[in-house]
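Observations on the three-dimensional arrangement
Listed below are the residues making up each chain.
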Amino acid sequence: MNQLPTTARSSRSKRPSTIGALRALVPARALSFTDAKAIGELQAHRLLKLTASTSAPVSEGIITALPRIDVQRVANLIGSGATAWSRGMWRIRLNAAEPPTRQRFTLAHELKHLLDAEAEDVIYKHLPAGAAKDRFIEAVCDHFAACLLMPKPWVKRLWGQGVQDLAGLAWRFEVSQQAMLIRLQYLGLVDPLPRCVSWQHLGTVAVRGVRQPSRRRSYHRSYSAGGNQFTRRPFRPSARTMLQGVSP
């Protein structure tokens, strides 16, 4: 059997793991929300590059195949997902009762928690413990998941090719229509929805076009791609909205 030269074997042995390479992108300092999101996007893009992922949908295998990561779907899990280090493994649990698209997003979200675990006390040290800190971290993890499952270059390429139907885009990337819409808004490809909107009162037509005002009462609903906190208040929909309709 041919053997690599000693220098080559040494170089290979010192090559960082995928998890190590992604963690190395995080500076050893407190991160603002803007910086944290930028680092998360950089990590997502690096993971896609390291796994030679070039087209949608992103395979779950780029996460499940990582060493020392055990992913299981649990029927009676409280919440969407959880991650813990146990017996030499990172154990990610997903709620099997939720839709597959939600589980995919949660898996990517939990990976970001895993990546930040060793540095949380440094990068988030400026945040006081409590609900505000939790929301900060959860939003960063949501952003990472969106960047990983719906990479900006891929979304913009399809959009430029004329694939501008919300349901079609969500199907291509294997994400929920709600997650896809939030991503399109973030990338500036569609105008933001009014702060007051009811998903139940919107149809699944196209992303392009002008939505006509509804005669039915709608309500404010604040949301995130990975969250489930909602508030309600009546509003009058705007005809300027650049969406003919979406569904969750």
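Model, not experiment: these values are computed from the prediction. Within every chain, residues take consecutive numbers counted from 1 along the sequence as written. Reporting of local features is limited, given that this is a predicted model, to residues whose pLDDT is at least 70; pairs of side-chain atoms are given and counted only at 80 or more, and all residues count toward the totals for whole chains, interfaces and linings. As a rule here, side-chain values cover all heavy atoms of the structure and leave hydrogens and water aside.

Moving on, we come to the side chain of glutamate 41. For glutamate 41, the location among the structural elements is in helix α3 (residues 33–50). Of the buried charged residues, glutamate 41 lacks a salt bridge, with lysine 152 as the closest side chain of opposite charge at 4.1 Å. If sequence neighbours within four positions are ignored, glutamate 41 has contacts with His143, Cys147 and Lys152. Going along the chain from the N terminus, every DSSP run of H or I of four or more residues is numbered as a helix, and every run of E of two or more is numbered as a strand. Residue exposure (1.4 Å probe, protein chains only): buried if accessible area is under 20% of the type maximum, exposed if over 50%, otherwise partly exposed. In summary, the charge assignment counts Lys and Arg as positive and Asp and Glu as negative, without counting His or the chain termini. The term salt bridge refers to a pairing of a side-chain nitrogen on Lys or Arg with a carboxyl oxygen on Asp or Glu at a separation within 4 Å. The contact criterion used throughout is that any non-hydrogen atoms of two residues lie within 4.5 Å.

pLDDT is a per-residue confidence score from the predictor, ranging from 0 to 100. With 71% of its residues at a pLDDT of at least 70, the protein reaches an overall mean of 79. Across residues 1–13 the pLDDT falls below 50, and counting only partners more than four positions away or on other chains, this stretch makes three contacts in the model. Predicted confidence is poor over residues 199–248, with pLDDT under 50, and the contacts of this stretch with residues over four places away or in other chains come to 118 contacts.

So, about the packing of α3 against helix α7 (residues 131–149). Comment: axis = line fitted to C-alpha atoms, over the contacting stretch for helices; angle = value between 0 and 180 degrees taken between N-to-C directions. The geometry of α3 relative to α7 is characterised by a closest axis approach of 8 Å and an angle of 30 degrees between their N-to-C directions. The hand of the α3/α7 crossing is right-handed. In this structure, α3 contributes Phe33, Ala36, Lys37, Gly40, Glu41, Gln43, Ala44, His45, Leu47 and Leu48 to the contact, and α7 contributes Phe136, Ala139, Val140, His143, Phe144, Cys147 and Leu148. Classifying every residue of the contact of α3 with α7 by side-chain character gives 11 nonpolar, four polar and two charged. Note on convention: near helix rotated counterclockwise from far helix by under a right angle means a left-handed crossing. Clockwise means right-handed. When residues are grouped by polarity, Ala, Val, Leu, Ile, Met, Phe, Trp, Tyr, Cys and Pro land in nonpolar, Asp, Glu, Lys and Arg in charged, and all others, Gly among them, in polar.

Cis geometry marks the peptide bond from alanine 56 to proline 57, where omega comes out at -5 degrees. With respect to the element layout, proline 57 can be found in the loop between α3 and α4 (61–64). Unusually for a residue other than glycine, arginine 87 sits at a positive phi of about 55 degrees. Tracing the backbone through its elements, the reader meets arginine 87 in the loop between β2 (81–86) and β3 (89–95). A relative accessible area of 79% means that arginine 87 is categorised as exposed. The backbone of glutamate 174 sits at a positive phi, close to 55 degrees, despite the residue not being glycine. Along the chain, glutamate 174 turns up in the loop between α9 (166–173) and α10 (177–186). Given a relative accessible area of 36%, glutamate 174 falls into the partly exposed group.

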